[in-house]
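Structural overview for review
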Amino acid sequence: MKKLKFLPLIACVALFALSSCEKDVVSTPVTVGLIPSAQIVGNVNAELNLQTAGLEVVPSGTMLLVEVFYADINPAATNGKWADTVTVASDGKYSVSVPSDAGGVNVNITPFPFEAEQVQAYGAFYKVLKKTYTCAPAIIAIRSGQTMTKDFTFVASNVPSFVDLVNLSGKCEANLNAEQPGLENVPDGTVINFFTSDWKDSVIVANGNYSINMPNKTVNYKAQFTYAKRVWVVNSDFAQSSYQNINHKFKLNGSFSPAGSTNTLDLSFGEGTDLTVDPHPNTTILSGTATADLDLTTAGLENMPDGTRIYFSTGTWGATAIVSSGKYTVSIPRYVDINSPTSVAYNISFNANRKTTTETKVYNFNASGSTSTVSAATKTLNITAN
């Protein structure tokens, strides 16, 4: 009897609760049918291996974002959208069901970017590179009951921190020995600097060769060294001319644009610049023999008497050389313009004994002529008096 009395009380409480809930329900005239009624399928590919033809399937787990605006399903719905994500299977395929109606909807599919290692082509500097893969979104118009196919292809690009490198190598030579034909290896330890506006590195030459990994773009280079080059040194007395070791400075600069992952550039420092300091850069040392036929009883010529004077002059300059042991030396002006060298005149007049088979008699000997100025530090002119 107690239980029967309790049941009416429970019924009253339930009725009160239902009447209270009716006041909190907010109803809307807009309804949207979200039951999937259309299907989109397709393949998702990317270039993951440059050593094989065609594309490869994207890594398993690559995701696509699928969205349909409510307004496409029901024009009375002014905002909001239906969204779902779909995962690409290990075979590169995906499938997604979307809500639609007879009028059709626009389905927005946005592939999520991913990173993966890409196998590089044969001979590439890097065997494998990590790449960022992206794909443009797509909009697909579809009606209820339809099944449509949409394939996606991801495009690879370098990750932001990646610097693509190539290799550059070659010979490094210079003319270090004029006594031998051809070029020689530059000294071991010669440093070549490579640089761009945002990168720099250097390499040390060994056994006449160098090799450096550099960015895949135009790179500048420069280098210099000093070496005792073997050169021919001319003396006023030709018999004293010889090969000598004279310090030369060798300099090199230029730029290079790579054409692949492996590049060759042979570098030549050329002839170098003589570092010998010219004590008289505006004058040339003119020298030579000073002879005359003073003895007709023997073949050849004899030295002019010691103290014989040779006069040199231009229109604005003059100098005198004194003969000693059949030789003379004088400083003359160097030319200023290579196309119009200055003419230097010389004149000699002296008295000396001349021996014949019958007598020895005093004769007057003289010589005159001219020579042109040069850019060299020395010049040879042999003078004979008649």
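Anyway, here's the lowdown on the structure attached to this text. (Residues numbered from 1 in each chain as written. Predicted model: local features only at pLDDT ≥ 70, side-chain atom pairs only at ≥ 80, totals over all residues. Heavy atoms only, no water.)

1. Some thoughts on the overall build of the protein
Check the secondary structure of the protein and you find 2 helices and 30 strands. In terms of overall size, the protein is more extended than a compact globule, its C-alpha atoms giving a radius of gyration of 49 Å where 386 residues would be expected to give roughly 21 Å. A principal-axis box enclosing the C-alpha atoms of the protein has dimensions of 185 × 50 × 45 Å. The contacts in the protein between residues at least 6 apart in sequence include a share of 63% that link residues at least 24 apart. Summed over all atoms, the accessible surface of the protein reaches about 22800 Å², with 53% contributed by carbon and sulfur. A gap of 7 Å separates the mean positions of the 26 positive and 30 negative side-chain charges of the protein. (Helix = DSSP H or I, 4+ residues; strand = E, 2+ residues; numbered from the N terminus. Rg over C-alpha atoms; globule rule 2.2 N^0.38 Å. Contact = heavy atoms within 4.5 Å. Areas by Shrake-Rupley, 256 points an atom, 1.4 Å probe, with all protein chains shown as cover. Lys, Arg positive; Asp, Glu negative; His and termini not counted. Charge placed at Lys NZ, Arg CZ, Asp CG, Glu CD.)

2. Things to note about the side chain of Thr190
With respect to the helices and strands, Thr190 occurs in the loop between strand E13 (184–185) and strand E14 (191–195). Within the structure, the side chain of Thr190 is placed 2.7 Å from the backbone oxygen of Pro187, a separation counted as a polar contact. If near-sequence neighbours (up to four positions away) are discounted, Thr190 is found in contact with Val203, Ile204, Val205, Phe225 and Phe269. (Polar contact = N/O pair within 3.5 Å; in protein donor to acceptor, adjacent residues only side chain to side chain.)

3. Observations concerning the sheet that holds strand E3 (residues 63–69)
If you walk across this open sheet you meet the 4 strands as E4-E3-E6-E9, and the pairing is antiparallel. Unpaired on one side and paired on the other, strand E4 (81–87) and strand E9 (138–142) mark the two borders of the sheet. On average, each strand axis in the sheet is inclined to that of its neighbour by 25°, with strand direction left out of account. Where E3 and strand E6 (residues 105–111) come together, 4 bridges link them in antiparallel fashion. Each residue of the ladder has a partner; that of Glu67, found in E6, is Asn108. (Pairing = 2+ DSSP bridges. Axes fitted to C-alpha atoms, helices over the stretch in contact; angles between N-to-C directions.)

4. Here's the deal with the environment of Val344
Structurally, Val344 can be placed in strand E27 (residues 343–355). By relative accessible area, Val344 is classed as buried at 0%. Taking the C-alpha atoms as reference points, Val344 and Ala53, separated by 291 residues in sequence, lie 80 Å from one another. With residues up to four places along the chain from it excluded, the contact list for Val344 reads Phe312, Ser313, Thr314, Trp317, Ile332, Gly369, Ser370, Thr371 and Thr373. (Buried < 20%, exposed > 50% of the residue type's maximum accessible area, 1.4 Å probe, protein only.)

5. Considerations on the pattern of salt bridges
Applying the stated criterion across every chain, the model contains 4 salt bridges. Among the salt bridges present, the one from Arg230 reaches Glu179, with a minimum N-O distance of 3.1 Å. Highlighted residues: Arg230 in strand E17 (residues 219–233) and Glu179 in the loop between strand E12 (165–174) and E13, separated in sequence by 51 residues. Arg230 gets classed as partly exposed once you look at its relative accessible area, which sits at 28%. Residue Asp198 pairs with Lys217 through a salt bridge whose shortest N-O separation is 2.9 Å. Pair noted here: Asp198 is in the loop between E14 and strand E15 (200–204) and Lys217 is in the loop between strand E16 (209–215) and E17, with a separation of 19 residues, a long-range link. By relative accessible area, which is 58% here, Asp198 ends up exposed. A relative accessible area of 34% means that Lys217 is categorised as partly exposed. (Salt bridge = Lys/Arg side-chain N within 4 Å of Asp/Glu carboxyl O.)

6. A closer look at unusual backbone geometry
One non-glycine residue, Asn207, lies in the positive phi region at around 55°. Within the fold, Asn207 resides in the loop between E15 and E16. Using a relative accessible area of 58% as the deciding quantity, one classes Asn207 as exposed. At Ser325, a residue that is not glycine, the phi angle is positive and equals roughly 55°. Mapped onto the secondary structure, Ser325 falls in the loop between strand E25 (318–322) and strand E26 (327–333).

7. Describing the sheet that holds strand E18 (residues 242–256)
The antiparallel open sheet is built from 5 strands, whose spatial order is E15-E14-E17-E18-E21. Where the open sheet ends on each side, the last strands, each with one partner, are E15 and strand E21 (273–274). Inspection of the sheet shows E18 paired to E21 by 2 bridges, in the antiparallel sense. Bridge assignment links His248 to a residue of E21, and that residue is Asp274.

8. Details of the pairing of E25
Alignment of strand E24 (residues 309–313) against E25, held across 5 bridges, turns out to be antiparallel. Its bridge partner being in E25, Arg309 is matched across the sheet by Ile322. Here E24 folds back onto E25, and the loop between the two strands holds 4 residues.

9. Focus on the packing of aromatic side chains
In the structure shown here, the tally under the stated rule is 12 aromatic pairs. Seen in terms of ring centroids, Tyr94 and Phe152 are 6.1 Å apart; in terms of plane orientation they differ by 50°. Their pairing is tilted. In this pair, Tyr94 is assigned in strand E5 (residues 93–99) and Phe152 in strand E11 (residues 152–158), connecting sequence segments 58 residues apart. Across the pair, exposure class does not vary: Tyr94 and Phe152 are buried alike. (Phe/Tyr/Trp six-rings, centres within 6.5 Å; stacked < 30°, edge-to-face > 60°.)

10. Thoughts on the environment of Gly270
If you trace the backbone, Gly270 turns up in the loop between strand E20 (267–268) and E21. You can call Gly270 partly exposed: its relative accessible area is 24%. Separated by 96 residues in sequence, Gly270 and Ala174 have C-alpha atoms that sit 5.1 Å apart. Beyond its immediate sequence surroundings of up to four residues, Gly270 is in contact with Ala174, Asn175 and Phe250.

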